[in-house]
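Residue-level listing of the chains:
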Amino acid sequence: MSGKIFLGGGGPDYGVKQELALNYANRHGLIAGATGTGKTVTLQILAEGFSQAGVPVFLADVKGDLSGLAKSGRADHKLHQAFTDRAAQIGFEDYSYGASPVTFWDLFGKQGHPVRTTVSEMGPLLLSRLLELTEAQEGILNIAFRLSDEEGLPLLDLKDLQALLVWVGENRAQLSLRYGNISTASVGAIQRRLLVIENQGASKLFGEPALELSDLMRQDAEGCGMINILASDKLMSAPGLYATFLLWLLSELFEELPEVGDPEKPKLVFFFDEAHLLFDDAPKVLVDKVEQVARLIRSKGVGVYFITQNPADVPEDILGQLGNRIQHALRAFTARDRKNLRLAAETYRENPAFDTEEAIREVGVGEAVTSMLQKKGVPGIVERTLIRPPSSQLGPITAAERKAMLASSDLAGKYDATLDRKSAFEILSARSQQAAQEAEAAEVAAEEQPPAEREYASARRYSGSRVSRSSSRITRRKDTFASAMGEAVIKELKGTTGRRLVRGILGSLFKGR
Ligand SMILES: Nc1ncnc2c1ncn2[C@@H]1O[C@H](COP(=O)(O)OP(=O)(O)OP(=O)(O)O)[C@@H](O)[C@H]1O
Ligand SMILES: [Mg+2]
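Position labels on residues start from 1 in each chain and follow its written sequence. As they are written, the chains are lettered A onward and the ligands numbered 1 onward, keeping that order. For a predicted model such as this one, the threshold for reporting local features is a pLDDT of at least 70, and the threshold for listing and counting side-chain atom pairs is 80 or more; totals across whole chains, interfaces and linings nevertheless cover every residue. To get the side-chain values, take all heavy atoms of the structure and skip hydrogens and water.

Enquirer: Sorry if this is basic, but what is going on with the packing of aromatic side chains here?
Expert: Working definition: an aromatic ring pair is given by the centre-to-centre distance plus the angle between the planes. Each aromatic pair joins two rings of Phe, Tyr and Trp (for Trp, the six-membered one) with centres within 6.5 Å, and gets the label stacked for planes under 30 degrees apart, edge-to-face for over 60, and tilted for any other angle. Inspection of the entire model under this criterion finds 12 aromatic pairs. Aromatic side chains Phe6 and Phe92 sit 4.8 Å apart centroid to centroid with 55° between the ring planes, which places their arrangement in the tilted category. In this pair, Phe6 is assigned in strand β1 (residues 4-10) and Phe92 in the loop between α2 (80-89) and β5 (102-106), connecting sequence segments 86 residues apart. Think of it in three bands: with a 1.4 Å probe and only protein chains considered, a residue is buried below 20% of the maximum accessible area for its type, exposed above 50%, and partly exposed in between. The exposure class assigned to Phe6 is buried, which follows from its relative accessible area of 15%. Given the relative accessible area of 14%, Phe92 is considered buried. Secondary structure is summarised from DSSP: a helix means a run of H or I of at least four residues, a strand means a run of E of at least two, and numbering begins at the N terminus for each.

The following block contains the structure:
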């Protein structure tokens, strides 16, 4: 017998238990509804339920109102009566207050442990999306990644990529022969875009120590799944960064986790709030890849739940994969609203007791039209469900409470300080410094030569074109590679370069192994 998460009461008097089966929880889900209809509370009770069942959760806290998960609800809360009345109405006899174990994360390192990844792990496809590059610019970024592999120039942080692009610009004549035209205008455009995302805070995201996925998959001493909350209120002002980061995390989970088939309960559940941001203006290749990841990550035991105001925001192929659905009220003001409402209703297995479309329009706050996967993964008949009240605190904890929790976290100290290892930026700076020194030494040597020889030497130097100098730099790459391998970066290179050279059929979002 596998476990279930209690969602609320359905049926004519809301007395019929509605549950999410844990063994189908990896078949993804959808939480939708207009603003103020109860999506966040639904997310809160689902996170509590998964945690209770020992399943770790990752969620992005867009409005800052989910930190309350870390604190028990209280009888002196203004909604206490409403909550207990609701619990009684749905026959939820053992309703009680309690907190869940929470780990706070923050890309900017303020409201949680810093989360970082390396440029090379992010890969050219996601980075191009983040930078909003044109096709030609994306081509150059691909070349930069390739050079990073071939030349042993690890791309860890943004300044590595910036330095490598400078190098690409300087050597473009030579490189164009190998890779096709590289224009300075395109290289410059990428650099300018890098500045833009740097100003949005992306330099904090790229670097080391990079996030270890196992830190998202922990349980507490009682065996409850850890709820990982990513502070996303500030991040929302850079929606591209938000969407790219979450997509990266998803693809990373896909890559790193072993195949488990259909587990009794998920290994991790990933909630994707403001899911429309993922798909707004996303190129078809990216949507296709998200669709692929969603389909394939299931067998790794990861359940993905999209949260959005309107299900029409999620591309059809992806929507079709979301087996467990909680649809809060949708408004129908305009003709388009009505069309979306009809489309949303059509995706459910009808209940003879009511009209689905009407129900979606009518359900009250904290009430939803639900359909969960049942035996053999068949969608259940649609129900009108009054969602259970949360056990944890409704609304955010205070800044002081958060600070105390961060200080006492098991992960305190692990990610706080940035590590700046020898990588492309350092290697290229050292190279150009060395080149400058060599040039200076040659100058000095020439001064000391008798006048005739000096003239000859300087004439030779003068005729040495930029290209031939840089080509000698390029052919020296084996040495550079070897010396880089001797450094601390050795692990990185083994880890990423090898994989990058054998990129799988799915391309760069999945780094082939
Ligand atoms: N399951 C529930 N039990 C009790 N009260 C609820 C429940 N769901 C919603 N509510 C009440 O409705 C309010 C609004 O719900 P919620 O914040 O979840 O809406 P939302 O859909 O997330 O809105 P927004 O789009 O603005 O983020 C809650 O603050 C709470 O008072
Ligand atoms: Mg909300």
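Enquirer: How should I be thinking about the pattern of salt bridges in this particular structure?
Expert: Side chains that differ in sign of charge can pair as their charged atoms come close. Any Lys or Arg side-chain nitrogen found within 4 Å of a carboxyl oxygen on Asp or Glu counts as a salt bridge. What the rule picks out here adds up to 18 salt bridges. Arg218 is paired through a salt bridge with Asp410; the nearest N and O atoms lie 3.5 Å apart. Within this pair, whereas Arg218 is found in the loop between α8 (202-205) and β7 (227-231), its partner Asp410 is found in the loop between α15 (399-407) and α16 (424-448), the two being separated by 192 residues in sequence. The structure contains a network of salt bridges with shared partners spanning Asp157, Lys159, Asp420 and Glu426.

Enquirer: Honestly, the site of ligand 1 in this entry has me stumped. Any pointers?
Expert: By convention in these notes, a residue is near a molecule or strand provided one of its non-hydrogen atoms lies within 4 Å of it. Neighbouring residues of ligand 1: 18 residues in total, closest Gly36, Lys39, Thr40, Val41 and Lys63. Whenever two N or O atoms come within 3.5 Å, that pair is a polar contact, provided that in protein one can donate a hydrogen and the other can accept it, and provided that, for residues adjacent in sequence, both atoms are side-chain atoms. A distance of 3.2 Å is found between an oxygen atom of ligand 1 and a backbone nitrogen or oxygen belonging to Thr37. Within the backbone of Val41, one N or O atom sits 2.9 Å away from an oxygen atom of ligand 1. To measure how exposed things are, a 1.4 Å probe is used in the Shrake-Rupley method; for residues, cover is taken only from the protein chains shown. Taking 640 Å² as the accessible area of ligand 1 by itself, protein coverage stands at 80%. At the level of secondary structure, the elements contributing two or more residues to the shell around ligand 1 comprise α1 (39-52) and α2. Among the elements that take part in the shell around ligand 1, α1 stands out by supplying three residues, more than any other.

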